[in-house]
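Each chain, written out:
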Number of protein chains: 2
Amino acid sequence: MPRPFLDPNFIAEETSAKLAFSGNRLDRLCEEREANCLEKALADRTARGFGFTRGRVLIDFTNGTPRGLFTLDELQKFRPKLDRTVLLGFDGEAPRLAVPLGINPDDENCVLPEGVKAIDYRSIAAQSLLGENEMGQMAQGAAYLAWHSSARFCGRCGAATVVQDGGIKRYCSSCERETFPRTDPVVIMLIIRGDKCLLGRSPHFPPGVYSALAGFIEAGETIETAVRRETFEESGIRIGKVSYQASQPWPFPHTLMIGCLGEALEEEIIKDDGELEDCRWFSRDEMRAILEGKGSINSAGEQEFFLPPKMAIANRLIVDWVKSK
Amino acid sequence: MPRPFLDPNFIAEETSAKLAFSGNRLDRLCEEREANCLEKALADRTARGFGFTRGRVLIDFTNGTPRGLFTLDELQKFRPKLDRTVLLGFDGEAPRLAVPLGINPDDENCVLPEGVKAIDYRSIAAQSLLGENEMGQMAQGAAYLAWHSSARFCGRCGAATVVQDGGIKRYCSSCERETFPRTDPVVIMLIIRGDKCLLGRSPHFPPGVYSALAGFIEAGETIETAVRRETFEESGIRIGKVSYQASQPWPFPHTLMIGCLGEALEEEIIKDDGELEDCRWFSRDEMRAILEGKGSINSAGEQEFFLPPKMAIANRLIVDWVKSK
């Protein structure tokens, strides 16, 4: 049951709404939660939860369509940590939970039931194993659980903190400080100049992959300033006009990707060798060929360049720019 | 000396660049910092610092133009905490510092020198006591210092953390975790419908003040989704198209305000009584009159409604919308 304020009919044309992890339609009811909301949710027979373990989520493949939501009874055999479970919100009346599991799928003694696999978030999105709504809920859960594991002690006084209101905040009874989940804003920008766009290659990328430049927004910066600073640091290129395109929740660990176009004022690249292995301009025709799998071929007879996967906002920025003319 | 990537000539038309706290042009050199960068900066005779104490900054009024930057010698008498000082970046070659002070201006025994006052960030911006560039640097320092005071202990293991690289990160030697300054993204949206805009009044506002609705972006949300959820929660109104307008660093304590227009799909307001004292539609003519100080008069003979101050992005969203027709 979609939330009335997220009726998909009027967001169909929105770029942000087309991105992986952005389809979450739960009603979080953050303002209306009571102290015992998690206990109530755990006792609710309509509750369903994602099982999280080490950056992965359980997926049940036994019934054709991959399934990420389990009953609490089903999760029992995976050693659920109910005290660390987060109430994500409600699907209609039904509670939706993020349940950290005590199992370690990397342990050779850990045998998952036939047809159930623990799959990392990136692969779930890349293979569209879940629908948009559930993928968004999973991303919300991943972000919350990552934050909780890094906020167990009070940063101000060092005392242990306790979870409140089903996981939407933590409280330090020693210094009475409340802390809230952290979301780190990141700018990711397709830098363009006429019929060319600028892409960089991090040494961590798979072979041949080039993507849009990106970086964390720092304290005291606007979105536009961060685009200019990061681009200048990584490529030595100054940027004039910056235009916001779309945003995407990115659960690695709890990031908000803010996608922009930036208009370069110059072409000469002075690459930051510490961050990038390569940085170069691609023509629109070159990009179009790469998108069609007909990009330039290297000496091994393979296509030389690749784009980030469709789930990434960088892919969308590039595709939309290529198609804009 | 302005940073080459922030040449004001090509950002003059940008809304974000016109907002308070957004004019910071320091070169942060975050990627190039060495372990002893703070010590080197403190030993540099060209270093200048802002003196911070309890949400305020020292301003020297003795020479006509208010001055926020002090030499380290000048700051000596205010009990500077040099080990907690943050290296904000460089103005040309000159280090720029945020220096927390041991004095408490609320203590009656604390007498500041003639002509020196400790003034809160909001008043500094509202009265334009500093130039845009220095106001932006002050906002950066305020955000960093607020974060440091809330990150002294490791959230993962509870051990004390140490400052590294002049304050751009902290490190836990117990569990080897690095933490970075936190920036909380917030959406603030002027909701419009035809020739009307929607404003709300929080009980915390000064008498008569109405402003744009706002709220923190939560884990797993896009900017657009957060605009829709917050607007629906506070006013019961559903939003169609959302368009990004501008962003602003907001040092209370370390926020990034993301300003949007949102197109309402309906007019009936169902107010969240917990958050808002009032919420209502204003016509463009009504807003224009308020902007000109000719708004409607109450029974006490005073103008009834007021807008947020010019320093706030909400003011800019409203003014730009009023002038757009």
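Up top is the structure.
Criteria and cut-off values
- Residues numbered from 1 in each chain as written.
- Chains lettered and ligands numbered in written order.
- Predicted model: local features only at pLDDT ≥ 70, side-chain atom pairs only at ≥ 80, totals over all residues.
- Heavy atoms only, no water.
- Least-squares fit on C-alpha atoms with pLDDT ≥ 70 in both.
- Contact = heavy atoms within 4.5 Å.
- Phe/Tyr/Trp six-rings, centres within 6.5 Å; stacked < 30°, edge-to-face > 60°.
- Buried < 20%, exposed > 50% of the residue type's maximum accessible area, 1.4 Å probe, protein only.
- Lys NZ or Arg CZ within 6 Å of the ring centre and 35° of its normal.
- Buried area = accessible area lost by both parts, 1.4 Å probe.
- Salt bridge = Lys/Arg side-chain N within 4 Å of Asp/Glu carboxyl O.
- Polar contact = N/O pair within 3.5 Å; in protein donor to acceptor, adjacent residues only side chain to side chain.
- Helix = DSSP H or I, 4+ residues; strand = E, 2+ residues; numbered from the N terminus.
- Nonpolar A, V, L, I, M, F, W, Y, C, P; charged D, E, K, R; others polar.
- Pairing = 2+ DSSP bridges.

Caption draft 1: The arrangement of the relation of the copies chain B and chain A in detail. Structural alignment of chain B on chain A gives an RMSD of 0.0 Å, achieved by rotating through 180 degrees and translating 0.0 Å along the axis. Both copies of the chain, as the preceding transformation shows, are related through a two-fold rotation axis. The position closest to the rotation axis in chain B is occupied by the C-alpha of B:Gly158, lying 2.5 Å away. By residue overlap, the copies meet face to face through one surface: 100% of the interface positions of chain B are interface positions in chain A.

Caption draft 2: Spotlight on the packing of aromatic side chains. For the structure on display, the rule yields 19 aromatic pairs over all chains. With a centroid separation of 5.1 Å and 70 degrees between ring planes, the pair formed by B:Trp250 and B:Phe252 is classed as edge-to-face. Residue classification places B:Trp250 among the buried positions, given a relative accessible area of 14%. Note on B:Phe252: relative accessible area 26%, which makes it partly exposed. Grouping aromatic residues by their ring pairs yields a cluster made of A:Phe21, A:Phe50, A:Phe52, A:Tyr121, A:Trp250 and A:Phe252. The positively charged end of A:Arg67 is found above the aromatic ring belonging to A:Phe70, 4.8 Å away from the centroid. Cation over ring: A:Arg284 sits above A:Trp321, and NZ or CZ is 4.3 Å from the ring centre.

Caption draft 3: Broad picture of the interface of chain B and chain A. Facing the 58 residues of chain B at the interface are 58 residues of chain A. At the boundary of chain B with chain A, total buried surface from both sides reaches about 5,000 Å², with 57% on carbon and sulfur atoms. Between the two partners, chain B and chain A, sit 4 salt bridges. The closest approach of N and O atoms between B:Glu14 and A:Arg228, which form a salt bridge, is 2.5 Å. Summed over the shared surface of chain B and chain A, the result is 22 residue pairs in polar contact (both at pLDDT 80 or more). It is helix α5 (residues 223-235) of chain B that contributes the most residues to the side of chain B that touches chain A, 7 residues altogether. Counted by class, the side of chain B that touches chain A contains 27 nonpolar, 15 polar and 16 charged residues.

Caption draft 4: Quick look at the pairing of strand β9 (residues 184-193) of chain A. Residues and elements named next belong to chain A. Across the 10 residues that make up β9, a large majority, 9, are buried. Both β9 and strand β13 (residues 255-264) contribute to a ladder of 9 bridges, which runs parallel. Each bridged residue has a counterpart across the sheet, and for Ile191 the counterpart in β13 is Gly262. One ladder, built from 4 bridges, connects β9 with strand β11 (residues 213-216); its direction is antiparallel. Residue pairing for β11: Met189 is matched across the bridge by Leu213. Pairing of β9 with strand β10 (residues 196-201) involves 3 bridges; the strand directions are antiparallel. Its bridge partner lying in β10, Ile191 is registered against Leu198. In this structure, the hairpin formed by β9 and β10 is closed by a connection of 2 residues, where Gly194 is found at a positive phi of approximately 55 degrees.

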